[in-house]
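Structural description and commentary
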Amino acid sequence: MPSLVSPRLLFLVGETIHLKKLSRGSSSALCQRSVRFFSRVDRDKNAPLTLANLGFNTEFETTTKNKRNKLENVKVNYPIEAPKSREKVATSNKSRAVRVKKTLEIESAPFAAKSFSELGLPPPLIERLGREGFNVPTDVQSAAIPTILKNHDAVIQSYTGSGKTLAYVLPILSEVGPLKNNYSSADKETGKKTEIEAVIVAPSRELAMQIVREVEKLLGPENKRVVQQLVGGANRSRQEEALKKNKPLIVVGTPGRIAEISAAGKLHTHGCRFLVFDEVDELLSFNFRQDIHRILEHVGRRSGADPQGQKNSLVRWADRRTIMVSATVPFSVVRAARSWACDPLLVQAKSVIPLESLAPGTVNLSKPTSSSNSDLNLQHQATVQSLPPALKHYYCVTRLQHKVDTLRRCVHALNAQSVIAFMNHTRQLKDAVFKLEARGMNAAELHGDLGKLGRSTILKKFKSGEVRVLVTNELAARGLDVPECDLVVNLDLPTDSIHYAHRAGRTGRLGRKGTVVTICEEREVFVVKKLQKQLGVPIPACDFTEGKLIVSDKEEKHAEALR
Ligand SMILES: Nc1ncnc2c1ncn2[C@@H]1O[C@H](COP(=O)(O)OP(=O)(O)OP(=O)(O)O)[C@@H](O)[C@H]1O
């Protein structure tokens, strides 16, 4: 169960996960690559890498030691040099790109691609996407897919519900499994020794299982065995047997179970080409530290490389693409990415910038300049652009003993059909559910103390609409995708703006309408005001009277001024 993690702890762990770090100089020498930009970028090194300021559609430049190659009119016009250490893979991408002569307009790609085919995905995958109703990539997918296909390590940051899962799953499926380019019958050979090619790590079972379902959906029922979940709470030996029998190419799991099976020698990931950390800031928390360390040490380690003997960690993982994903990116993630990844890029919906170029004040993630304000600064930087723009936020003041009743009135006033109510302590959930049910509202509790089966049954009931109000703790705050959820209620205040952002993000997904209501006591109002400031969104006071949500004119005007 993901625990509540303070931002200080996230910082601390970013520092304490021990890996031999490379100096900047040695890093680029080792990877034999550099990020080069065209003149416009060279003039302003700190400007975000947008297509316009990169001279999109003009030239694509690759430098190999002293040799310069120029490619013109490439399909995925991506002006950042592909990492040299991965030249082999990149070459195939480039040759494919050169064959297609079509030139894209600046406005149409890749940040605003109108179709998946513009992003260089293989036709079988595009067909599967179409069949599943995915026709137009989201902004973050338009930015991330070509970046990863160009062999870059990446930190993907974009607001909750903006489609970050497919942003990394699609490049993986382009290169791994039956939907990849040039998938041949030889690949299908039965009994052939196959190695895991992608490892996706998520902080909770629910999230890992959700990712598995997303991958399975695209692979189709005939290829379900290509992906396997390795989550805690389920029978470990059955998972190990399935690994042996099905020889999956992609595994998705929680850190503990992946590390456990790896330590038992039952998970062979040395040839792995993709390592993804979904909800990476949560994975940096102290309780995952050892497992993440093991995963980092073993996944994609070159054969023959000795983890103790090698001086430089990146030599050993030069062929592994490391991708880190979250709606909130505190500086601990930036620091971790610099240690674990090779020249990583920060991918956001409308920009791609080298992480190394992040300097105070240039982009929305910057290193706190002074320790005095660092906490506030960190929170602010980490949560900017983490919330869907269409979300509406309110707070309602009530007495502690009236909170659940206020929740009930709130649900009626907004006519919400699918509600997630967050509390901070597991022991309080049952009482809240009891009070709601007593007033005729279908409710259920979800928390980590329930077994795996109990958790998935309740989630199923919530998704199907059988349960109207899901009362839960932080377990459900991260990554959970229930598109129908139209209201999130904070029955207890979240510990900080990062937690607020992830809780709030369970509603209003992918452009849908959504409302977030924080029910608090008078003495807690100053915290809401602080959250409002850190998140950069108006949170006006409201009340629920005669079955309606009421916001005073004064509050409305104040909120309008903040928008
Ligand atoms: N291109 C697309 N077209 C239509 N639907 C999409 C597309 N991409 C993703 N989706 C759907 O959007 C929803 C949200 O996607 P996803 O869970 O990946 O968001 P996220 O950014 O990872 O959110 P969070 O930060 O909360 O984890 C999912 O139901 C997903 O199937």
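Quick caveat, the model's predicted, so the values are computed rather than measured. (Residues numbered from 1 in each chain as written. Predicted model: local features only at pLDDT ≥ 70, side-chain atom pairs only at ≥ 80, totals over all residues. Heavy atoms only, no water.)

Let's talk about the layout of surface pockets
Here the largest pocket defines a volume of roughly 800 Å³. Looking at the lining of the largest pocket, the elements that each hand over two or more residues are α7 (164-175), α9 (205-219) and β8 (321-326). (1 Å grid on protein atoms, 1.4 Å probe; cavity = no way out; pocket = protein on both sides within 12 Å on 5 of 7 lines; lining within 4 Å. Points joined across faces, edges and corners; volume = space filled by probe spheres on them. Helix = DSSP H or I, 4+ residues; strand = E, 2+ residues; numbered from the N terminus.)

Things to note about the side chain of arginine 455
You can see arginine 455 is positioned in helix α19 (residues 452-464). With relative accessibility at 2%, the residue arginine 455 sits in the buried group. There is a polar contact of 2.7 Å between the side chain of arginine 455 and the side chain of glutamate 206. Of the polar contacts made by the side chain of arginine 455, one reaches the backbone oxygen of glycine 448; its length is 3.4 Å. (Buried < 20%, exposed > 50% of the residue type's maximum accessible area, 1.4 Å probe, protein only. Polar contact = N/O pair within 3.5 Å; in protein donor to acceptor, adjacent residues only side chain to side chain.)

Focus on the pattern of salt bridges
As enumerated under the stated definition, the model contains 26 salt bridges in all. Between lysine 403 and glutamate 524 there is a salt bridge, and its shortest N-O distance comes to 3.9 Å. Taken together, the positions of lysine 403 in helix α17 (residues 403-414) and glutamate 524 in the loop between β16 (515-520) and α21 (525-535) put the pair 121 residues apart, joining distant regions of the chain. The same class applies to lysine 403 as to glutamate 524, namely buried. (Salt bridge = Lys/Arg side-chain N within 4 Å of Asp/Glu carboxyl O.)

Focus: helix α20 (residues 497-504)
Buried residues dominate α20, accounting for eight of its eight residues. Every buried residue of α20 is listed here: Ser497, Ile498, His499, Tyr500, Ala501, His502, Arg503 and Ala504. Where α20 begins, the side chain of aspartate 496 points an oxygen toward the backbone nitrogen of isoleucine 498, at a separation of 3.0 Å.

A few points about the site of the ligand
As a matter of local geometry, the ligand sits amid 21 residues, with Gln141, Gly161, Lys164, Thr165 and Asp481 nearest to it. The contact in question runs from an oxygen atom of the ligand to an N or O atom on the side chain of lysine 164, over 2.7 Å. Taking 640 Å² as the accessible area of the ligand by itself, protein coverage stands at 90%. In a pocket analysis with a 2 Å cut-off to the grid points, the ligand is assigned to the largest pocket. (Near = heavy atom within 4 Å. Areas by Shrake-Rupley, 256 points an atom, 1.4 Å probe, with all protein chains shown as cover. Sits in = over half its atoms within 2 Å of the grid points.)

Let's talk about the confidence of the model for the protein chain
Mean pLDDT over the protein chain stands at 78; residues scoring 70 or higher make up 70%. Contacts for the low-pLDDT stretch residues 1-81, under 50 throughout, to residues beyond four places or in other chains number 199 contacts. Segment residues 307-311: pLDDT under 50, and ten contacts once partners within four positions in sequence are set aside and those in other chains are kept. Interface predicted TM-score (ipTM) for the complex: 0.99; the corresponding pTM is 0.79. (pLDDT = per-residue confidence, 0-100. Contact = heavy atoms within 4.5 Å.)

Regarding the sheet that holds strand β4 (residues 198-201)
Ordered in space as β5-β6-β4-β7-β8-β3-β9-β10, the eight strands form an open sheet in which the pairing is mixed. The open sheet has two free edges, formed respectively by β5 (227-230) and β10 (351-354), since each of these has just one partner strand. Here the average twist between neighbouring strands, direction ignored, is 15 degrees. In this fold α9 packs onto β4, β5, β6 (250-253) and β7 (274-278), with an angle of close to 170 degrees to the strand it touches most, β5. (Pairing = 2+ DSSP bridges. Axes fitted to C-alpha atoms, helices over the stretch in contact; angles between N-to-C directions.)

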